[in-house]
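Summary of structural features
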Amino acid sequence: MTPAYHRVLVKLSGEALMGDDSYGINRETIQRIVDEIGEVSKLGVQVCVVIGGGNIFRGVAPGAAGMDRATADYMGMLATVMNALALQDAMKRSGLKARVQSALNIEQVAEPYIRGKAMRYLEDGRIVIFAAGTGNPFFTTDTAAALRGMEMGVDIVLKATKVDGIYTSDPVKDPSAQRYERLSFDEAIVNNLKVMDATALTLCRDQNLPIGVFSIFKSGALMRMVCGEPEGTLVTV
């Protein structure tokens, strides 16, 4: 297969690591995700990953009710570091070279985010996993994905979700919902289609950085997106 993109950023939600579990990390699920990313990397595509923390933070969310928003957001960032380390370990066991860079300074477990280093890792064929979001509260990991994607000069941001693209309405609740094959940023923002949060969408629109939305649970979907084949939904200017 021939890749359509030279460098990509994959945005993984923490929930993607749960599989069918109610929270935490499902070993089989994370291994399958690693295998899919590995196949793309073996094509010579440079891959970086931004990961969320919902699978871990969900377990403590009830206790965080009423908590200061900034404090809760920092807890969520720490959850993404845990996921990043788990992802790195799974990649290592699969023979893939991966590095974790954290926007929070936790040098005992992950090196700090340094753009030049991350670029060199990608050029050397390593997978770079970005943890702790932007390092700032009040910003989502969607915004972190848009920001890191621009900083790394990727060709596309690939958002892995539970559904195979963007629909006119929630396909779980509405059986008549139709999937978009292509969509403009303005349409996504105006119609509040919840592709990513508005900040992330606006950043990508202003920098003309396309977004591909696909199902991480659909075998081969990531590879087809990377190779430019019909899959999921493509959001462009």
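Reference entry: report on the structure contained in this document. (Residues numbered from 1 in each chain as written. Predicted model: local features only at pLDDT ≥ 70, side-chain atom pairs only at ≥ 80, totals over all residues. Heavy atoms only, no water.)

Examining the sheet that holds strand β9 (residues 182-184)
Strand order in the open sheet formed by nine strands is β4-β3-β5-β2-β1-β6-β10-β11-β9, with mixed pairing between adjacent strands. What marks the edges here is a single partner per strand, and that holds for β4 (111-112) and β9. Those strands touched by helix α1 (residues 27-42) are β1 (7-12), β2 (46-51) and β5 (127-131), and its axis lies near 150 degrees from that of β2. (Pairing = 2+ DSSP bridges. Helix = DSSP H or I, 4+ residues; strand = E, 2+ residues; numbered from the N terminus. Contact = heavy atoms within 4.5 Å. Axes fitted to C-alpha atoms, helices over the stretch in contact; angles between N-to-C directions.)

Examining the pattern of salt bridges
All chains considered together, the criterion is met by 11 salt bridges. Here E39 and K42 are joined by a salt bridge, their closest N and O atoms 3.9 Å apart. With E39 and K42 both in helix α1 and three residues apart, this pair spans about one turn of that helix. Under the relative-accessibility criterion, E39 is labelled partly exposed at 43%. On the basis of relative accessible area, K42 is assigned to the exposed category, the value being 63%. (Salt bridge = Lys/Arg side-chain N within 4 Å of Asp/Glu carboxyl O. Buried < 20%, exposed > 50% of the residue type's maximum accessible area, 1.4 Å probe, protein only.)

Re the side chain of N55
Along the chain, the position of N55 falls in helix α2 (residues 54-64). Look at N55 and you get buried, because its relative accessible area is 0%. Ignoring anything within four residues of it in the chain, the contact list for N55 reads G14, E15, L17, M18, Y23, G24, I25 and N83.

Considerations on helix α7 (residues 198-206)
Taken residue by residue, α7 has A200, L201 and C204 as its buried positions. On an axial view of α7, the arc spanned by its buried residues comes to 100 degrees, and they lie on one face. Those residues of α7 hidden inside the fold are in contact with α5 (141-152), α6 (185-190) and β10 (211-215). Just downstream of α7, N208 is the residue with a positive phi angle, here 55 degrees. (Arc of directions from axis to C-beta.)

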